[in-house]
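Now for the letters of each chain:
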Amino acid sequence: MKIWFITGASRGFGALITTRALAQGDAVVATARNPKVITERFGEHPNLLPVALDVTVDSQATAAVKAGIERFGRIDILLNNAGFGLMGAVEEATVAEIEAVYRTNVFGLLNVTRAVLPSMRRARSGRILNISSIGGYRGAAGFGVYSSTKFAVEGLSEALHDELAPLGIHVTVVEPGYFRTDFLDSSSLSVSGNIIGDYAETVGKVRTIAAGLSHKQPGDPQKLAEALIAFTDAPNPPVRLPLGSDTVAAIEKKHAQDAAILSEWRIVSGSTDFAADG
């Protein structure tokens, strides 16, 4: 039996993975700002511990992890799933909007990860799955601030992967594309109220496309949940796991673009080194 600690477990990917983990006999410390929502969704279950957690509050992260370990003895898998999006041009986003998305997507993930790591280090075992996004691999108009938070998650995950591998702890950053969840709804996506007309042809078009795409995304969230449940048994998990054909296409396109940049600018890139001795 594996012991999961899942943030944002009341809906979306977090809820789907919680359901599957319980169904296969695992235990779940399922967290949400309001744990009553967890109980209402999943009912009473001997392997389920609903815990109140606002990931932006460091003391709550520490308390939630302590409660989970007291109940189940350990934490085998941390799924950092809590997060939300922000749509708007970089210039349109207010300081308050930017700080809010960073508090949850970056600092919240750090709070929970730092709270879980001492027990995993003692056990010399554990897995950490950090939910990023297609936007964590390539930025796009309309999602600049959101993407920057996921770029941060990618960098943190890569560093954690190298730091923790010698201690028997595997870290993977998960990169979903557009999946048919409520991510594009107001419950998960904030839209900057400040609109600048000069961005009508870029960000304005993204707003229109996003509105039409909601609940028509190509990715099947049930299949993502199944894939992640199975992934936790992989003996040598990779540092990143792209999920969705759109993510694969985006990564391949960016690789091709970067290769073209290196080809065109290689001489300039190398010209900044000290001259070779001798």
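This text goes with the structure placed above it.
Below is a summary of the structure that appears in this document. (Residues numbered from 1 in each chain as written. Predicted model: local features only at pLDDT ≥ 70, side-chain atom pairs only at ≥ 80, totals over all residues. Heavy atoms only, no water.)

### A closer look at the overall build of the protein
Here's step 1: In terms of helices and strands, the protein carries 8 helices and 9 strands.
Here's step 2: For a compact globule of 278 residues, the expected C-alpha radius of gyration is about 19 Å, and the protein comes in at 20 Å, within 12% of that figure.
Here's step 3: C-alpha atoms of the protein, sized along the principal axes, occupy 60 × 55 × 35 Å.
Here's step 4: Taking all contacts inside the protein whose residues are at least 6 apart in sequence as the whole, residues at least 24 apart take part in 72%. (Helix = DSSP H or I, 4+ residues; strand = E, 2+ residues; numbered from the N terminus. Rg over C-alpha atoms; globule rule 2.2 N^0.38 Å. Contact = heavy atoms within 4.5 Å.)

### A look at the sheet that holds strand β6 (residues 126-131)
Here's step 1: With parallel pairing, the 7 strands of this open sheet are ordered in space as β3-β2-β1-β4-β6-β7-β9. Only two strands of the sheet have a single neighbouring strand rather than two, namely β3 (48-52) and β9 (240-243). The sheet shows a mean angle of 15° between the axes of neighbouring strands, taken without regard to direction.
Here's step 2: Along the sheet, helix α3 (residues 58-72) contacts β1 (3-6), β2 (27-32) and β3; its crossing angle with β3, the most-contacted strand, is approximately 160°.
Here's step 3: Sheet contacts for helix α5 (residues 144-164): β6, β7 (169-176) and β9; angle to β7, the most-contacted strand, approximately 160°. (Pairing = 2+ DSSP bridges. Axes fitted to C-alpha atoms, helices over the stretch in contact; angles between N-to-C directions.)

### Overview of the nonpolar core
Here's step 1: Grouped together as the largest cluster of nonpolar side chains are 28 residues, with contacts concentrated most on W4, I17, V28 and L228.
Here's step 2: For this core, the secondary structure elements donating two or more residues are β1, α1 (12-23), β2, α2 (35-42), β4 (77-80), β6, α7 (221-231) and β9.
Here's step 3: Here this core gets 6 residues from one element, more than from any other, and that element is α1.
Here's step 4: Apart from the residues within four sequence positions on either side, L228 is in contact with W4, I17, I131, V174, L241 and L243.
Here's step 5: Core analysis: the next-biggest nonpolar cluster, separate from the first, contains 24 residues, V55, V65, I128 and V171 among them. (Core = buried A, V, L, I, M, F, W, Y, C linked by side-chain atoms within 4.5 Å. Buried < 20%, exposed > 50% of the residue type's maximum accessible area, 1.4 Å probe, protein only.)

### Some details on the pairing of β6
Here's step 1: Here β6 lies mainly inside the structure; 6 of its 6 residues are buried.
Here's step 2: Going residue by residue along β6, you find G126, I128 and N130 tucked away on one face and R127, L129 and I131 tucked away on the opposite face as well.
Here's step 3: Two elements, β6 and β7, share 6 bridges in a ladder whose sense is parallel. Within the sheet, the bridge partner assigned to I128 lies in β7 and is V171.

### Let's talk about the packing of α1 against α7
Here's step 1: Packing of α1 against α7 brings their axes to within 9 Å, and their N-to-C directions diverge by 55°. In terms of orientation, α1 and α7 fall into the oblique class. Between α1 and α7 lies a crossing of right-handed hand. Touching F13, L16, I17, R20 and A21 of α1 are P221, Q222, L224, A225, E226, L228 and I229, all from α7.
Here's step 2: Among the residues making up the contact of α1 with α7, the classes are represented as 9 nonpolar, 1 polar and 2 charged. (Parallel < 35°, antiparallel > 145°, perpendicular 65-115°, else oblique. Left-handed = near helix turned anticlockwise from the far one by under 90°. Nonpolar A, V, L, I, M, F, W, Y, C, P; charged D, E, K, R; others polar.)

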